[in-house]
Structure formats: structure tokens, C-alpha cells
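Structure at a glance
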Amino acid sequence: MNEFITLAQGNGGKQAHELIRKVFAESFGMTKPLTDSAILEESGFTLAFTTDSYVVDPLFFPGGDIGKLALCGTVNDLAVSGADPEYIAASFIIEEGFPLSDLKNIVRSMSREASKAGVRIVTGDTKVVEKGKCDKLFITTSGIGILDQEKENISTGKEIKPGDKIIINGPLGNHAIAVLGARKNLGFTTPVASDCASLNHLIKSVLDKCNGVRFMRDVTRGGLATVLNELTEIYGSGIKINESAVPVDEPVKGLCEMLGFDPLYLANEGKVLFVVGKGEEEKVLNILRSDPLGRDSSIIGEIVPGKEKLVILNTSVGGSRILDMPSGLQLPRIC
Amino acid sequence: MCLSIPVKIVSIEGTMAEVSAGGTLFRAGLHMIEDAKIGDYVLLHAGFAIQKISEKEAEETIRLFDELNESV
Amino acid sequence: MKYIDEYRDKKLISALTGQIRKSALGDYTFMEVCGGHTAAIHRFGIHSLLPENIKLISGPGCPVCVSGTDFIDKAIAYSQMDYVIITSFGDLLRIPGSSASLEKMKAAGADVRIVLSALEALDIAQDNPSKKVVFPAIGFETTAPGTAVTVIQASKSKTENFFLLCGHKVMPPAMEAIIKEGVRLDGFICPGHVAAITGSAIFDFIPEKYNLGCVVTGFEPADLLQSILMLIRQVNSRTPAVEIQYNRVVTEGGNKLAQKSLYEVFEPCDMQWRGLGLIPLSGLALKKEFRMFDIEKSIPLNIEVLQENEQCICGEILRGIKRPPDCQLFANLCLPENPVGACMVSPEGSCNTYYKYRLANE
């Protein structure tokens, strides 16, 4: 690894995974596979516990702001583990000179989102640092949720089988493009808004009506390709994805064509990947499509048997290629 | 970097234009295009429109493709 | 999206591959010499659609890959100067120089900014009059006219702190060098966007002198497949010629306005190509009246060119003699996240695209 930390190590791709493994997980004695939330057994309860930091630049973007992002991100990490999110802690590191009106707007936004999600922000911390010692505002949120024991396998994927179908709840890449566009320094403007949203109600409606969900993960930094590659490691086998089934909005496509981005590697903040038992996929799809956050849900692929832990993309023109883990500089400070 | 894509001119101001790729707007220098008009399709490369797209030729290509499709 | 989706129609692709299979009676080897084509071929899985008797090899078409280590070392040297801002296309950031990359310099505090256009670099120069703004100018005839237009603007607006690190190259001399190497070829898939500027006539010498066919090709899957079909038919009928497949954008004469700007500012010069050595008249240098925009004239450097890694065979890959899997370093010591050679760094590089888009059973 480099002597100095590079941006690539914060991007959710290969270098980021390496940093987490070799520096953090090793020192903290984390030996179990890392999941979106830590699942903790306490007498009588199974808790899901998670934490995340938010350093998005700019702080305000179409579809959201850093506060909404922080709330939704942590709620979603709990929800995709199958837990009911309950309590949130929020810490703020604020740069000296930061406008109070902006801070109030961000905090109100968090509060609104917390009401929507049905969670309570119960504790927190504030620090102010001298001008220049942090970039405007950083937020860290931690969350606790309660998990039914029968849903525990959803975060580990232990019950995944060949033939299981893969579903995504809508178009990819909107968040990354909205944030990039809001920076206004890359010479383009876009009508795209971030998909930032709390997904716990959507997920609950699926889990309540359907037993077939074997695994869930939220698709954030590193995009769909990262989650699919992580999935091959978890399950130990391959995945086939149909490129034409993966929803991508036209303005996102246009930007990707121009800048050479692949929508499958772009960050999202309102997308969840489901692995669903074969035969249950239509039921899950219908439940998702009846919700505004899942209107464009699509069955995009399936788990395939075999020894190769590869994600194969069947291209829209009938060819095929491997979809690898993203590597190197993608888009910095999207989340 | 070497990427060029077909985009539609949506507005023109002097030598610069606003062009659309599926709804995302970019700026493009029109210094290399004669008689650029709003609604024209051009190839956008590294911040410049480098050539107009001939609708006539494109339609001809598509027509040949359609013939190919039908003959299969 | 218009002018894109129609050329990705699955039914059409299937019809074209059917025609190719019917017409491909012998063995064919075609070379593409444009990084955009390398990337498109791999992105759409074109290899997986072609029968086994058709081979596609990648030539020196990735401008980033063919830039020598010294080009990057120079950019790095300038980036270390306090009063310099490097404004670069994104692809250049991770190219390895002798010992570092622009990305690493940026991490260590150098002012390195990504731009999408030379015009953006000029804007940055105008916004930062106390700094020298250096734009590493790489790319072929597709990109060079934009740089030329920008230099003309810089001259008109007297923006004296805007500079180029000259690295633009032109295609035909490199293609001739490949042919003279004796690489076994049956034809060229010619770069469509280069030809949009220059016109297809720049390739006329290839069938005339060397009896090899040239089809000027677009970048969508249907374009590539139609071109391959046209090349096969040329080989079968023994009628090598320059044909334009990409006629919605390419004409014989090209974009005269772009050519005018290009040759107002630049003139041909000899240039080093990674893997091909010095090729006469293959580069573009600033003409005398615009030489004040050349950073190497303003701040001369004395760069010691260190030897490239001996096991790196980027040169042979760029010449089309070897393929990425033939390299000892490929996919073990040389990876997209830790590239040794330029072919692995650039998203259009042969090794990078091969690695990213490789098939499971290859």
C-alpha cells in the first residue's frame, strides 16, 4: 500500500477494501466477514449496529443534502440487514465560520427524514475546528435496529442458492451524477437528482409479505459492480447479469458515454439489491413496483453454479464480458 | 478522453454552445463547425464539437441495416 | 439516445454477425489503431460474437499508452513547482512515470486539476494570473484541433501564463511503422474520429503502397461489425481500398475548419512513441509564432530518463506482436490498481481493457 493515503482508498473499490482489511479489521480483531451492520446477540435481543461518516461535497445537491444522506445511509444499512431501525446517534464536526442557516437547514432535513423513516435521533456530539481544518462539515451517524432471529441470514447470505434471482429497485448512478453535477466544475449540468431515500419501509413491505429474500445489500460507493463482486465472495460462486435489464436513466447514460463512466460503478443512496429464491421473484417485484421507491424495479440476473467467482455481464448486444470490482480513482466524496 | 459522442445543440452563444446528451448538458466550442444551428447533432470531443452528424447518411446506414435485418 | 441506440440493436448485431460468419472463408487478422475502438470492442464483448477465424489485434491507438515515460516525468517535474497548476485530462493521472504519477503527486499536495477540455485549462489560467498553468497536450488528430483553437484564444487574449506540454501525435506514420515491422495483417479498422477531422484520404497510402485494406469505422457495435464485414469482403475479393463505414461523420476531405486551426498552430515534428521508438514527422510541435506557449521553452527541464521495467512488454503489445496474456507481469504484478506499464493504466489501453472485459473461459 502507498505511504500516503490516496483518494482511491476511499472509493469503495479494491484499494478501499484492502485498506479496511489490512489496517482496520486486523487491528480491531474483526475476523467475521464484514457486513452492512454488525449483528450482536444480547440476552433476549438480536441487535443490528452500524456506523458511517459523511463527507459529501457539495453539502447541498439536487435530491438532498449531507444531513438527509447521513440519516438515510445509516437507516438503510440497518434495513438491508433485515433489522427495524430504531435509534440514531449523530456527531458533527463543523468548520469555524460555517453559516448557521446552512447548519439549521441540514439538521431540519435530518429531522424530517428521521420522521419519515420512523427513527429517533437520541444522542450526538458537536465539535468545531479552526478554519481550514475540515471542509465545512462532516457528519458521523450510528444506528441501532432490532432484528428477528429468523432474518439473521439475510446479511450473511448463508441461504443463497444457484438459480436465485437478483433484483434492483430502480435506476443506477443518479446520486453520483447529481453530486458531480452540483459541483459545477466539470463543465456540465444535469437534470438528475440524487435517489437518496430511507428504504426501511420498502424493505419491510417485502419482508413482511414474502419469505424468499435470501440476501440484501445497499448499493452505495463502488456501485452495483462492487456489491455483485462482494456477493461472489460471500456465496463462493458466479453471477450472471443482463445488461439490458439494468435500469439507467437517459441523462445518466449520456453523461457516462461522454465521460467514460460505467453506471454499474457509480454510487447510489436509495438502491437495494435483493437476492430472492427462485420462484419468488415476481412476487417481490410486484411488491416493490407498487411503491414509489421501487417503481422501476427490475430482475437483473441470477446466481449461477460453478467454481468461478466471477460476475459475467451479458451485454446489450449479445456479447459477454467480466464485470470486475472497480479500481482506482472513481469519483471522490460522493457520499 | 478520446471519447466522442453524438449530442444535440440546444442553445448557442457566440462560439460556445450548450449541447445535450440524453438530457445532461455540456458546453461545446463551435469553432470547428460551420453554420451550427439549434437542433443540429454534432460529435462532442474534449469540449469541442468536431463534426456535424449527417442525418442523411445516418438514415442511409440505418436503411441498410434494416435491409440486413429483413434478409435474415 | 439518438445515433447511439440504433447501432446497438440486438437483432441488427445478430444479423451482422450472421453475415460475417457466412463471408469469413479463411483466416483474417485485422488491427484497430484507436483506443476508443479497443475500449468499444471489449466493452460490448465483440470478440465473443466473432468466429474463431477472425482475430482482432490492438495497435498503438491509445494516446496515453504511447506517451513515453519522459512525458509523464516532465509533467510530474512541473507539478512539483509551487507556482505551477497542472490541468490535465483525467486519464493521464495514473500513468506511471519512472517513479511516481500525477495522482501520487496530487496526494502529496501538488496542484493537479482534472479538466475535460483545453478551454477549461485556459479559464483556469485566466483565473490564476500569478501561476503558470500547464496543459499536458496528448491525443491524436481528434483532440489536437481543440488544443490549437485554445492556443489561438490564448494568443488573442494575451494569456501569457497558459502553457502546453506538447505531446500530440498523428496516426498515419505510426500505422506505416507497424506495417514496416512486418506484423501479419489483413487490414486496418481505421479511427473514425481522427478521420472526422482529417478526412479518410490520409489512409490512401496504405492500400496503394502496401495492399492492405482500410475501413474507417464508427464506435458502436454495429459500426465495428459492419466494418469487419467490409474488410472481409475486401480480402476475399482481393481489392484493398479505403472505404468509409462511418459516413454519418467522415468524408474524404474531413473538417477543413478544424484542419485550418490545427495547422495554423502546429507543425509536424519527430516524436518518440513508447514501443515504436522515434517516428519521423509523427508528432505536432508549436509553430514559431506560438512557441511562447511551450512550457519546455519557458522552463527547460533536464529529465533523466530511467529505464522502463524490463519485463514490461507494452512496446510489443502496442505494436500488436504480443497480447496482454503474453506478458509475465499481466494480471499478477501489473494490475489496474497497481499498473507497471501504460497499457494497463489507461482505460483505453490494451491491457486494461483486456483485464476489465476478459471472458470467464479465456
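Residues numbered from 1 in each chain as written. Chains lettered and ligands numbered in written order. Predicted model: local features only at pLDDT ≥ 70, side-chain atom pairs only at ≥ 80, totals over all residues.

**Some details on the overall build of chain C**
- Helix and strand content of chain C: 15 helices and eleven strands.
- Overall, the C-alpha framework of chain C stretches about 65 × 45 × 40 Å when taken along its three principal axes.
- Counting across all 362 residues of chain C, residues that qualify as buried make up 58%.
- Contacts in chain C between residues at least 24 apart in sequence constitute 77% of all its contacts with a sequence separation of at least 6. (Helix = DSSP H or I, 4+ residues; strand = E, 2+ residues; numbered from the N terminus. Buried ≥ 20, exposed ≤ 12 C-beta atoms within 10 Å, placed from the backbone. Contact = placed C-beta atoms within 7 Å.)

**Brief notes about the interface of chain A and chain B**
- At the interface, 13 residues of chain A touch eleven residues of chain B.
- Elements that contribute at least two residues to the side of chain A that touches chain B include exactly β9 (188-189) and α8 (250-259) of chain A.
- A per-element tally of the side of chain A that touches chain B places α8 of chain A first, with seven residues.
- Here the residues of the side of chain A that touches chain B are counted per class, giving five nonpolar, five polar and three charged. (Nonpolar A, V, L, I, M, F, W, Y, C, P; charged D, E, K, R; others polar.)

**Points about the environment of Lys 309 of chain A**
Residue and element names in this part refer to chain A.
- Position of Lys 309 relative to the elements: it lies in the loop between β13 (298-304) and β14 (311-314).
- In this structure Lys 309 comes out as partly exposed when scored by C-beta crowding, with 15 C-beta atoms within 10 Å.
- C-alpha separation for the pair Lys 309 and Ala 48, spaced 261 residues apart in sequence, amounts to 28 Å.
- For Lys 309, the residues in contact, after removing those within four places along its chain, are Thr 232, Glu 233, Gly 236, Ser 237 and Gly 238.

**Looking at helix α3 (residues 69-79) of chain C**
All names here are of chain C.
- Burial analysis of α3 places eight of its eleven residues in the buried class, the great majority of the element.
- Turning to α3, its buried residues number three or more, namely Thr 69, Phe 71, Ile 72, Lys 74, Ala 75, Ile 76, Tyr 78 and Ser 79.
- Looking at the buried positions of α3, the neighbouring elements they touch are β3 (84-88), α4 (102-107), β4 (112-114), β5 (132-137), β6 (162-166) and α12 (295-298).

**Thoughts on the sheet that holds strand β9 (residues 242-244) of chain C**
Residue and element names in this part refer to chain C.
- Sheet architecture is open: five strands sit in the order β2-β1-β7-β8-β9, paired in parallel fashion. In this open sheet, the two strands that pair with only one neighbour each are β2 (54-58) and β9. Pairwise comparison of adjacent strand axes, ignoring direction, gives a mean angle of 25° for this sheet.
- Pairing of strand β1 (residues 28-32) with strand β7 (residues 187-191) involves three bridges; the strand directions are parallel. The partner of Glu 32 across the bridge, within β7, is Ile 189.
- Across the sheet, helix α10 (residues 221-236) touches β1, β2, β7, β8 (213-217) and β9, and the angle it forms with β8 is around 165°. (Pairing = 2+ DSSP bridges. Axes fitted to C-alpha atoms, helices over the stretch in contact; angles between N-to-C directions.)

**Things to note about the nonpolar core**
- With 237 residues, the main nonpolar core has Leu 44 and Ala 49 of chain B together with Leu 164 and Phe 188 of chain C as its most contacted residues.
- For this core, the leading source of residues is α10 of chain C, giving nine residues.
- If sequence neighbours within four positions are ignored, Phe 188 of chain C has contacts with Phe 30, Met 31, Val 33, Met 175, Ile 206, Leu 212 and Cys 214 of chain C. (Core = buried A, V, L, I, M, F, W, Y, C linked by C-beta atoms within 7 Å.)

**Notes on the pairing of strand β11 (residues 238-242) of chain A**
All names here are of chain A.
- Sheet topology places β11 next to β13; four bridges connect them, and they run antiparallel. Of the residues in β13, the one forming a bridge with Lys 240 is Glu 302.
- Here β11 pairs with β14 via four bridges, running parallel. The residue of β14 that forms the bridge with Asn 242 is Asn 314.

**A closer look at the interface of chain C and chain B**
- On the chain B side, the residues contacting the 40 residues of chain C number 29 residues.
- Counting residues per element, the side of chain C that touches chain B draws most heavily on helix α1 (residues 10-23) of chain C, at six residues.
- The residue inventory of the side of chain C that touches chain B, partitioned by class, reads 19 nonpolar, 14 polar and seven charged.

**Here we look at the environment of Ile 124 of chain C**
Residue and element names in this part refer to chain C.
- For Ile 124, the position within the fold is in helix α5 (residues 118-127).
- With 131 residues separating them along the chain, Ile 124 and Asn 255 place their C-alpha atoms 29 Å apart.
- If near-sequence neighbours (up to four positions away) are discounted, Ile 124 is found in contact with Ile 85, Thr 87, Arg 113 and Val 133.

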